Amino acid sequence: MRELRGALIGCGFFARNQMHAWAGIPGVSIVALCDRDAARLDDMGESFAVAARFTDAAAMLREVRPDFVDIATTAPSHRALVELAASLAIPAICQKPFAPTMDDARAMVEACERAGVPLMVHENFRWQSPIRAVRRCLASGEIGAPFFGRVSFRSAYDVYAGQPYLAEGERFIVEDLGIHALDIARFLFGDVTRITARTRRVNPRIRGEDVATMLLDHEAGFASVVDCSYATRLETERFPQTLIEIDGSEGTIRLDEGYRLTVTGPDGTRHEDVSPPLLPWASRPWHNIQESVALIQAHWAQALRAGTEPDTSGRDNLKTLALVEAAYLSAAAGSSLDPREV
Ligand code: NAD
Ligand code: 89Y
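Cut-offs and rules
Residues numbered from 1 in each chain as written. Chains lettered and ligands numbered in written order. Predicted model: local features only at pLDDT ≥ 70, side-chain atom pairs only at ≥ 80, totals over all residues. Heavy atoms only, no water. Helix = DSSP H or I, 4+ residues; strand = E, 2+ residues; numbered from the N terminus. Rg over C-alpha atoms; globule rule 2.2 N^0.38 Å. Buried < 20%, exposed > 50% of the residue type's maximum accessible area, 1.4 Å probe, protein only. Contact = heavy atoms within 4.5 Å. Areas by Shrake-Rupley, 256 points an atom, 1.4 Å probe, with all protein chains shown as cover. Lys, Arg positive; Asp, Glu negative; His and termini not counted. Charge placed at Lys NZ, Arg CZ, Asp CG, Glu CD. Near = heavy atom within 4 Å. Polar contact = N/O pair within 3.5 Å; in protein donor to acceptor, adjacent residues only side chain to side chain. Nonpolar A, V, L, I, M, F, W, Y, C, P; charged D, E, K, R; others polar. Expected span 1.5 Å × (residues − 1). Phe/Tyr/Trp six-rings, centres within 6.5 Å; stacked < 30°, edge-to-face > 60°. Lys NZ or Arg CZ within 6 Å of the ring centre and 35° of its normal. UniProt positions renumbered as here; feature names shortened; annotations may be inferred. Pairing = 2+ DSSP bridges. Axes fitted to C-alpha atoms, helices over the stretch in contact; angles between N-to-C directions.

### Details of the overall build of the protein
Piece 1. Secondary structure summary: the protein contains ten helices and 15 strands in total.
Piece 2. Its C-alpha radius of gyration of 20 Å places the protein within 12% of the 20 Å reference for a compact globule of 342 residues.
Piece 3. In terms of its C-alpha atoms, the protein occupies a principal-axis envelope of roughly 60 × 45 × 40 Å.
Piece 4. When burial is assessed residue by residue, the protein has 57% of its 342 residues classed as buried.
Piece 5. Taking as baseline every contact in the protein between residues at least 6 positions apart, the subset at least 24 positions apart corresponds to 68%.
Piece 6. Element-wise, carbon and sulfur atoms account for 49% of the exposed surface of the protein, whose accessible area totals about 14,200 Å².
Piece 7. Positive and negative side-chain charges of the protein, numbering 36 and 46 respectively, have mean locations separated by a distance of 1 Å.

Here is the structure:
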């Protein structure tokens, strides 16, 4: 097995999960770190015993020449960093949201394709084991042909405490969280021909929208609803669970609160606990997301070694990002539109 030497850019809130996950993947080591904030850089370097530390990404990549770079910064820096990696022929992982605009995202995909460099977006929610259990069940044909889907994420969890920038942007929930739910809808039900979205802000202390309700028409010929909210106070806080409903010609699938999977088919109903494992470094309630980080990163290592395209490649993610963009356009105009036209 080829040893892979990685470098990470962005030592902030979420990157810690990525570092823990790399440490658990055989044959992969993170050999250098970069953050323009020296205190954050040192903190991460000390936690994971990485001595090679840089405050400048270009200097790090030129000096270290890693086998890949893991870009864990927020969206405004993504294009410059991905293009930097492409210019040095270094395969890159880029956190979601892939880019602030479709033009940036397309330019990033083109830069990597021109350089012959693999590019994966860290779109990890579809790697959550409960979501994969739903997909396996759907693919088995047990519930027949789907005619309705719902992907739902409703919570009042204080995400602003760990990620204060989420309260400050003009855009919030569709770009930050809805992006994952939209990607799950693509993963389960296929690509989308039309989207209708309505958004609103409930929490007066934030700038962007914290509620979105979206209707998707899928190429497969049926519709799904994707709804998300960070203004939904429930008896039991569900963060960060995505709930799923699928109705098919022969039965139904439900992924309910507490990771309870219920499948009703021609032969009756079965229940399964599809709770994600609590990895040694993980903590509740984030363990669901944390496991998906470990799984997507293992997938990247495997794809890089095999020379295959990762599932959530930059090119694939253009379709998820187009849904985000189309959702904002739809909500602003009160209309519906074809995401392939944005
Ligand atoms: P953060 O602000 O805590 O950390 C980002 C770090 O990147 C900061 O320390 C900053 O100094 C550094 N940085 C920015 N530009 C840089 C540059 N050009 N060179 C070097 N360092 C630079 O952000 P975060 O909360 O960790 O989020 C990072 C990304 O992860 C966001 O895009 C967010 O949406 C995403 N995220 C993903 C998930 C998921 O499940 N996939 C969960 C949470 C956050
Ligand atoms: O940034 C978001 C993400 O990607 O998953 C959950 C989150 O941390 C807050 O909405």
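Additional details are given in the paragraphs that follow.
### Thoughts on the site of ligand 2
Piece 1. Around ligand 2, the structure places Lys96, Phe125, Val159, Gln163, Asp176, His180, Tyr230 and Trp286.
Piece 2. In this structure, an oxygen atom belonging to ligand 2 sits 2.5 Å away from a side-chain N or O atom of aspartate 176.
Piece 3. Note that an oxygen atom of ligand 2 is positioned 2.7 Å from one of the side-chain N or O atoms of tyrosine 230.
Piece 4. Protein burial of ligand 2: of its 270 Å² of free accessible surface, 94% is covered by the chains.
Piece 5. When its residues are assigned to classes, the shell around ligand 2 shows four nonpolar, two polar and two charged.

### Focus on helix 9 (residues 287–306)
Three- or four-residue spacings in an α-helix give side chains the same orientation, since the helix completes a turn every 3.6 residues.
Piece 1. For helix 9, which comprises 20 residues, the first-to-last C-alpha distance of 28 Å matches the rise-based estimate of 28 Å (1.5 Å per residue) to within 8%.
Piece 2. Burial analysis of helix 9 places 15 of its 20 residues in the buried class, the great majority of the element.
Piece 3. Following helix 9 by one or two positions, glycine 307 has its phi on the positive side, about 70°.

### Concerning the packing of aromatic side chains
Piece 1. As enumerated under the stated definition, the model contains twelve aromatic pairs in all.
Piece 2. When the centroid spacing of 5.6 Å and the interplanar angle of 70° are considered together, the rings of phenylalanine 13 and tryptophan 286 count as edge-to-face. A residue pair is termed long-range when its members are at least 10 positions apart, and phenylalanine 13 in the loop between strand 1 (4–9) and helix 1 (15–23) and tryptophan 286 in the loop between strand 14 (268–273) and helix 9 qualify at 273 residues.
Piece 3. Residue classification places phenylalanine 13 among the partly exposed positions, given a relative accessible area of 37%.
Piece 4. When the ring of tryptophan 22 is compared with that of phenylalanine 68, the centres are 4.9 Å apart and the planes differ by 45°; the resulting orientation is tilted. Taken together, the positions of tryptophan 22 in helix 1 and phenylalanine 68 in strand 4 (residues 68–71) put the pair 46 residues apart, joining distant regions of the chain.
Piece 5. On the basis of relative accessible area, tryptophan 22 is assigned to the buried category, the value being 1%.
Piece 6. Overall, the relative accessible area of 0% leaves phenylalanine 68 in the buried class.
Piece 7. Taken together, the aromatic side chains of Phe13, Phe153, Tyr157, Tyr160, Phe172, Tyr230, Phe239 and Trp286 make up a single cluster linked through ring pairs.
Piece 8. The side chain of arginine 132 reaches across the aromatic face of tryptophan 127, ending 3.7 Å from its centre.

### Quick word on the UniProt feature "domain: Gfo/Idh/MocA-like oxidoreductase N-terminal" (unreviewed entry) in the protein
Piece 1. With numbering aligned to this structure, UniProt lists the feature "domain: Gfo/Idh/MocA-like oxidoreductase N-terminal" (unreviewed entry) at residues 5–121.
Piece 2. Helix makes up 44% of residues 5–121 and strand 22%, with an end-to-end C-alpha separation of 19 Å.

### Comments concerning the sheet that holds strand 11 (residues 243–248)
Piece 1. Strand order in the open sheet made by the nine strands is 14-13-12-11-7-10-9-8-15, with mixed pairing throughout. Strands at the two margins of the open sheet, each flanked by one partner only, are strand 14 and strand 15 (336–337).
Piece 2. Looking at chain direction, strand 9 (residues 211–218) and strand 10 (residues 223–229) are connected through seven bridges and run antiparallel. Looking at the pairing, methionine 214 lines up with valine 226 of strand 10.
Piece 3. Seen against the sheet, helix 8 (residues 173–189) touches strand 7 (146–154), strand 8 (192–200), strand 9, strand 10 and strand 11 and runs at an angle of roughly 155° to strand 10.
Piece 4. The strands touched by helix 10 (residues 314–333) within the sheet are strand 8, strand 9 and strand 15, with strand 8 carrying the most contacts at an inclination of about 55°.

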